[in-house]
Amino acid sequence: MPAETSAALPIEYDTVHQAADGQRDALVDELVHRGSQIVDDIDSLIFTRDVPGPAAWAQNTWLAPREYRVDSIGDAARRLTSIQRNWHLHSIAHHRRARLIADKLPPIRFKPLEFPAFVPSAPLGSFALLDRDRLLASPVCSSAFADGHPIFAEDRTGPPNRAYLKLWEALTLARRRPGPGDVCLELGASPGGWTWVLDRLGAEIIAVDRADLAPQIMASTRVTTWRGDAFGVTVDDLERPPDWILSDVIAYPSRLLDLADYWCHACPHAAVIITVKCQGMVDPAEISRFLDIKNARLCHLAANKHELTFFRLPEGGPPEAVFRGPDPH
Ligand SMILES: C[S@@+](CC[C@H](N)C(=O)[O-])C[C@H]1O[C@@H](n2cnc3c(N)ncnc32)[C@H](O)[C@@H]1O
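Residues numbered from 1 in each chain as written. Predicted model: local features only at pLDDT ≥ 70, side-chain atom pairs only at ≥ 80, totals over all residues. Heavy atoms only, no water.

**With respect to the confidence of the model for the chain**
Then, in step 1: Predicted confidence across the chain gives a mean pLDDT of 95, with 97% of residues reaching 70 or more.
Then, in step 2: Here residues 1–5 scores under 50 on pLDDT; set against residues more than four positions off or in separate chains, the count is 7 contacts. (pLDDT = per-residue confidence, 0-100. Contact = heavy atoms within 4.5 Å.)

Have a look at this one:
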């Protein structure tokens with residue numbers, strides 16, 4: 001048995017979910033709905049057992065948590081480095097002591113991502129102090145980014161708003177992106193942050209919105225604008241089935257579920273990315289219906305507020321996202 005597991009303390013949970021900012025209630029409801037047993041919760045961390053794997057409203061899920069008794073700051077740092085090199089402190093208690101442990105760990109060189117970017121392949125663990133002498137550490141997390149937040153080198157002049165960051169993040173996690181020769185149907189495109197991203201990637205875009213796009217976005221020869229109701233567009237309106245369907249339309253989840261269902265079935269080979277906007281209380285049963293769509297995944301992007309991002313990608317989709325695993329029965 002490896003040293004780190006032999007020294008681990010007995011624990012009653014198998015997973016720790018780190019709630020996305022302001023989304024703790026939605027995360028708890030999701031976990032209860034999927035049958036996870038909530039064993040404990042401390043600050044933004046929800047400790048569960050019985051249903052392993054990421055949760056949609058978690059910004060990061062700690063997939064292999066262990067607890068260790070540690071005698072000193074040096075002992076804690078040695079324990080972590082004996083497991084792996086890269087760790088991120090998500091401090092929930094004994095903050096100064098936890099920081100001193102983090103300072104003893106090998107440094108991680110941080111450079112904002114230049115889009116198009118790759119998800120780092122080196123594993124990044126998360127740790128916290130639960131008590132002065134009790135270390136919680138998970139070498140395996142759902143996200144390769146610290147606290148599930150990729151940081152991009154922003155473009156403050158090109159795009160008409162900051163929504164482009166959401167699509168940068170979604171395409172980075174998708175590990176694929178449209179390019180020259182691809183047709184993208186973009187629903188709810190105004191003022192054009194996402195269109196700007198797609199245009200810069202060289203794709204052809206049909207941008208649908210009731211409102212106009214920013215003039216500099218409409219000026220591109222690759223952008224065709226359709227003024228009207230995004231929910232009225234069908235595959236028959238297009239010259240050929242699109243390679244990508246992207247939606248950032250603001251609507252109730254039930255309408256967005258119908259939209260996702262329609263386009264996933266109408267274009268079975270297309271990549272589909274849809275923002276699932278949620279108003280107020282989230283109905284976990286309704287959200288879980290998105291996962292009834294074959295190969296669907298849901299996750300909370302760092303750039304998402306009270307909303308999730310739906311993916312249906314030809315190769316399966318982001319491993320960071322929750323999906324309906326095969327039924328064990
Ligand atoms: C969050 S904004 C989209 C921002 C866009 N992704 C960007 O990057 O600039 C939502 C857009 O959906 C549009 N919208 C809402 N309902 C719509 C509908 N039924 N048909 C077409 N557009 C709609 C709104 O006009 C608004 O421009």
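**Notes on the domain arrangement of the chain**
Then, in step 1: Taken domain by domain, the chain holds domain 1 (3–148) and domain 2 (164–323).
Then, in step 2: In this assembly, 22 residues from domain 1 lie in contact with 27 residues from domain 2.
Then, in step 3: In total, about 1,800 Å² of surface goes out of reach between domain 1 and domain 2, with carbon and sulfur atoms giving 66% of it.
Then, in step 4: On the domain 1 side of the interface with domain 2, the three residues burying the most area are Ala56, Trp57 and Phe115, jointly 36% of the side's total.
Then, in step 5: Put simply, domain 1 and domain 2 have 0 salt bridges between them.
Then, in step 6: Summed over the shared surface of domain 1 and domain 2, the result is 4 residue pairs in polar contact (both at pLDDT 80 or more).
Then, in step 7: Contributions of two or more residues to the side of domain 1 that touches domain 2 are made by helix 2 (24–34) and strand 4 (58–62).
Then, in step 8: Tallying contributions element by element places helix 2 first for the side of domain 1 that touches domain 2, with 5 residues.
Then, in step 9: Residues that form the side of domain 1 that touches domain 2 fall into these classes: 13 nonpolar, 6 polar and 3 charged. (Domains from an automatic or database assignment. Buried area = accessible area lost by both parts, 1.4 Å probe. Salt bridge = Lys/Arg side-chain N within 4 Å of Asp/Glu carboxyl O. Polar contact = N/O pair within 3.5 Å; in protein donor to acceptor, adjacent residues only side chain to side chain. Helix = DSSP H or I, 4+ residues; strand = E, 2+ residues; numbered from the N terminus. Nonpolar A, V, L, I, M, F, W, Y, C, P; charged D, E, K, R; others polar.)

**Some details on the nonpolar core**
Then, in step 1: Counting residues in each nonpolar core, the largest one holds 42 residues, and the members touching the most others are Leu185, Leu187, Trp263, Leu298 and Phe310.
Then, in step 2: Secondary-structure elements contributing two or more residues to this core are helix 2, strand 9 (183–187), strand 10 (204–209), helix 8 (253–266), strand 13 (271–277), strand 14 (296–299) and strand 15 (307–312).
Then, in step 3: Here this core spans two domains, and each of domain 1 (3–148) and domain 2 (164–323) adds at least three residues to it.
Then, in step 4: Look past the residues within four positions of Leu185 in its chain and what remains in contact with it is Ile206, Val208, Val233, Leu238, Pro242, Trp244, Ile245, Leu246 and Trp263.
Then, in step 5: If you look at the next biggest cluster of nonpolar residues, it comprises 38 residues, including Phe115, Cys184, Trp194 and Trp196. (Core = buried A, V, L, I, M, F, W, Y, C linked by side-chain atoms within 4.5 Å. Buried < 20%, exposed > 50% of the residue type's maximum accessible area, 1.4 Å probe, protein only.)

**Overview of unusual backbone geometry**
Then, in step 1: Put simply, Phe115 and Pro116 share a cis peptide bond, and its omega is 0 degrees.
Then, in step 2: In this fold, Pro116 is placed in the loop between helix 4 (95–103) and strand 7 (125–131).
Then, in step 3: Note that the residue after Ser190, namely Pro191, is joined by a cis bond; omega there is 0 degrees.
Then, in step 4: Relative to the elements of secondary structure, Pro191 occurs in the loop between strand 9 and helix 6 (193–200).
Then, in step 5: One non-glycine residue, His94, lies in the positive phi region at around 45 degrees.
Then, in step 6: Mapped onto the elements, His94 comes out in the loop between strand 6 (87–89) and helix 4.
Then, in step 7: The phi torsion at Asp147 lies on the positive side, around 55 degrees, for a residue other than glycine.

**As for the sheet that holds strand 7**
Then, in step 1: Pairing within the open sheet is mixed, and its 4 strands lie in the order 5-8-7-6. The sheet terminates laterally at strand 5 (66–69) and strand 6, the two strands that pair on one side only. Taking the axes of each pair of neighbouring strands and ignoring which way they run, one obtains an average angle of 30 degrees across the sheet.
Then, in step 2: Pairing analysis gives 5 bridges linking strand 7 to strand 8 (residues 134–138), with the strands arranged antiparallel. Across the sheet, Asp131 pairs through a bridge with Arg134, a residue of strand 8.
Then, in step 3: The sheet strands contacting helix 3 (residues 73–83) are strand 5, strand 6, strand 7 and strand 8, and the helix crosses strand 8 at an angle near 20 degrees.
Then, in step 4: Sheet strands in contact with helix 4 are strand 6 and strand 7, and its direction is about 145 degrees off that of strand 7. (Pairing = 2+ DSSP bridges. Axes fitted to C-alpha atoms, helices over the stretch in contact; angles between N-to-C directions.)

**Things to note about the packing of aromatic side chains**
Then, in step 1: Tallied over the full model, the rule gives 8 aromatic pairs.
Then, in step 2: Taking the centre distance of 5.9 Å and the plane angle of 55 degrees together, the rings of Phe290 and Phe310 count as tilted. Remark: Phe310 occurs in strand 15 and Phe290 occurs in the loop between helix 9 (284–288) and strand 14; sequence separation between them is 20 residues. Phe310 shares its class with Phe290; the two are buried.
Then, in step 3: Positioned above the aromatic ring of Phe231, the side-chain terminus of Arg255 is 3.8 Å from the ring centre. (Phe/Tyr/Trp six-rings, centres within 6.5 Å; stacked < 30°, edge-to-face > 60°. Lys NZ or Arg CZ within 6 Å of the ring centre and 35° of its normal.)

**A few points about the site of the ligand**
Then, in step 1: Around the ligand, a shell composed of 19 residues is seen, among which Trp194, Asp209, Asp229, Ala230 and Asp248 lie nearest.
Then, in step 2: With respect to the ligand, the backbone of Gly193 contributes an N or O atom lying 2.9 Å from an oxygen atom.
Then, in step 3: Between the ligand and Arg210 there is a distance of 3.5 Å, counted from a nitrogen atom to a side-chain nitrogen or oxygen.
Then, in step 4: Relative to its unbound accessible surface of 600 Å², the ligand loses 84% to contact with the protein.
Then, in step 5: Tallied by class, residues from the shell around the ligand come to 8 nonpolar, 6 polar and 5 charged. (Near = heavy atom within 4 Å. Areas by Shrake-Rupley, 256 points an atom, 1.4 Å probe, with all protein chains shown as cover.)

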